[in-house]
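A closer look at the structure
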Amino acid sequence: MLDVTYRNARARIAALAAGLTDTQLATPVPATPSWTVHELLAHLAGGAADAAANRLDGAPGASWTARHVAERRTRPVAELIAEWEADAPAVEAALVGQKFDGPNLAADAICHEADLHEALGLARTDREHWQPLLDVMGRLPGRRLRDTATLLISDELGQQWRCGTGETVITLRADGYELMRALFSRRSRRQIAAWDWSPEPSEQLVDGFGAFGHRDDDQPIPAA
């Protein structure tokens, strides 16, 4: 299913990108402070090109993604989208039969689609697109808690994730979209700590909530 997830995300992002103005393309993306919307699109095209060419040394690190942007910074959006479309079949073929259990280009596309929506002031992305990732990511905090505590997470639909094996039980109630964004390190420590916790979480738990480390810059919260 990851191949379908990637294909559909690429189609949605390409359709969105095709209608953006120069001003919108120059808009900074809060979730990726060093990139504009245009540069984020360059990364998406570059990631697919590298995957198709098996040029994955350093992936998914900062130097790998920075090269995508540097190589495409001056290219028009139409060219970026055309390059991405040409390389997408190879990416999709590699994703066939894979399960989401770590970094991959399907998760990258879903995460960055939400980054774009938040940067451009658009409504949140549809739940059906990111729910499969949340199903897996919701268990992530337990890897850090281990036997020190048990974290019981529930969202607004009543879905639950039980993390950790310790005797102390911490409960967290939060919106599913916000959970997904925080688990991808797209919410600040302050934003995460302000959720409905009982008892209040430790700094260690808040700091380790996101897969890519903590952040201190509050992120825009899109309309539901």
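Above this text you will find the structure in question.
In this report, we go over the structure that sits alongside the text. What you see is a predicted model, and the numbers here were worked out from it, not measured in a lab. Throughout this document, residue positions are counted from 1 along each chain, in the order its sequence is written. Given that this is a predicted model, residues contribute local features only at a pLDDT of at least 70 and side-chain atom pairs are listed and counted only at 80 or more, while totals for whole chains, interfaces and linings are drawn from all residues. Note: side-chain values were computed over all heavy atoms of the structure, leaving out hydrogens and water.

1. Topic: the sheet that holds strand 4 (residues 160-163)
Strands pair, by our definition, only if DSSP identifies at least two bridges between them. Strands are runs of DSSP state E lasting at least 2 residues, helices are runs of H or I lasting at least 4, and numbering of each runs from the N terminus. Read across the open sheet, the four strands follow the order 4-3-5-6; overall the sheet is mixed. Where the open sheet ends on each side, the last strands, each with one partner, are strand 4 and strand 6 (196-198). For this sheet the average axis-to-axis angle between neighbouring strands, irrespective of direction, equals 15°. Note on method: axes are straight lines fitted to C-alpha atoms, helices fitted across the in-contact stretch only, with angles between N-to-C directions ranging 0 to 180 degrees.

2. Focus on the layout of surface pockets
A cavity here means a set of points on a 1 Å grid, drawn over the protein atoms and nothing else, where a 1.4 Å probe fits but cannot get out; a pocket is an open set with protein on both sides within 12 Å along at least five of seven lines, and a residue lines either one if it has an atom within 4 Å of a point. Grid points are joined across faces, edges and corners, and a volume is the space filled by probe spheres set on the points. There is about 1,200 Å³ of room inside the largest pocket. Looking at the largest pocket, it is lined by 45 residues, and the ones nearest its centre are Pro60, Pro103, Asn104, Asp108 and Phe212. If you list the elements that add at least two residues to the lining of the largest pocket, you get strand 2 (32-36), helix 3 (37-52), helix 4 (62-72), helix 5 (77-95), helix 6 (105-119) and helix 7 (127-137). When residues of the lining of the largest pocket are assigned to their parent elements, the largest contribution, five residues, is made by helix 6. Space inside the second largest pocket adds up to approximately 190 Å³. Lining the second largest pocket are Pro141, Arg144, Leu145, Thr148, Ala149, Ile170, Ser202, Gln204, Leu205, Gly208 and Phe209. Of all the secondary-structure elements, those providing two or more residues to the lining of the second largest pocket are helix 8 (141-145) and helix 11 (203-207). The greatest single-element share of the lining of the second largest pocket, amounting to three residues, is contributed by helix 8. Class assignment of the residues belonging to the lining of the second largest pocket gives a composition of six nonpolar, four polar and one charged. Put simply, Ala, Val, Leu, Ile, Met, Phe, Trp, Tyr, Cys and Pro go in the nonpolar bin, Asp, Glu, Lys and Arg in the charged bin, and everything else, Gly too, in the polar bin.

3. Points about the environment of Thr36
In this structure, Thr36 sits in strand 2. With 108 residues separating them in the primary sequence, Thr36 and Arg144 have C-alpha atoms 33 Å apart. For this analysis, residues touch if any pair of their heavy atoms sits within 4.5 Å. With residues up to four places along the chain from it excluded, the contact list for Thr36 reads Leu25, Ala26, Thr27, Pro28 and Val29.

4. Some words on the pairing of strand 2
Each regular strand displays side chains that alternate between the two surfaces of the sheet. Across two bridges, strand 1 (residues 28-29) lies against strand 2 in antiparallel orientation. Across the sheet, Val29 pairs through a bridge with Thr32, a residue of strand 2.

5. Remarks on the side chain of Asp115
The residue Asp115 is located in helix 6 in this model. Relative accessibility under 20% of the residue-type maximum defines a buried residue, over 50% an exposed one, and the middle range a partly exposed one, all with a 1.4 Å probe and only protein chains included. Classification of Asp115 as buried rests on a relative accessible area of 0%. Looking at Asp115, its side chain comes within polar contact range of the side chain of Arg181, at 2.5 Å. Ignoring anything within four residues of it in the chain, the contact list for Asp115 reads Val29, Ala31, Thr32, Leu40, Arg181 and Arg186. Counting of polar contacts relies on pairs of N or O atoms within 3.5 Å, with two restrictions inside protein: one atom must be capable of donating a hydrogen and the other of accepting it, and residues adjacent in sequence are counted only when both atoms are side-chain atoms.

These results come straight from atomic positions and should not be treated as a statement about function.
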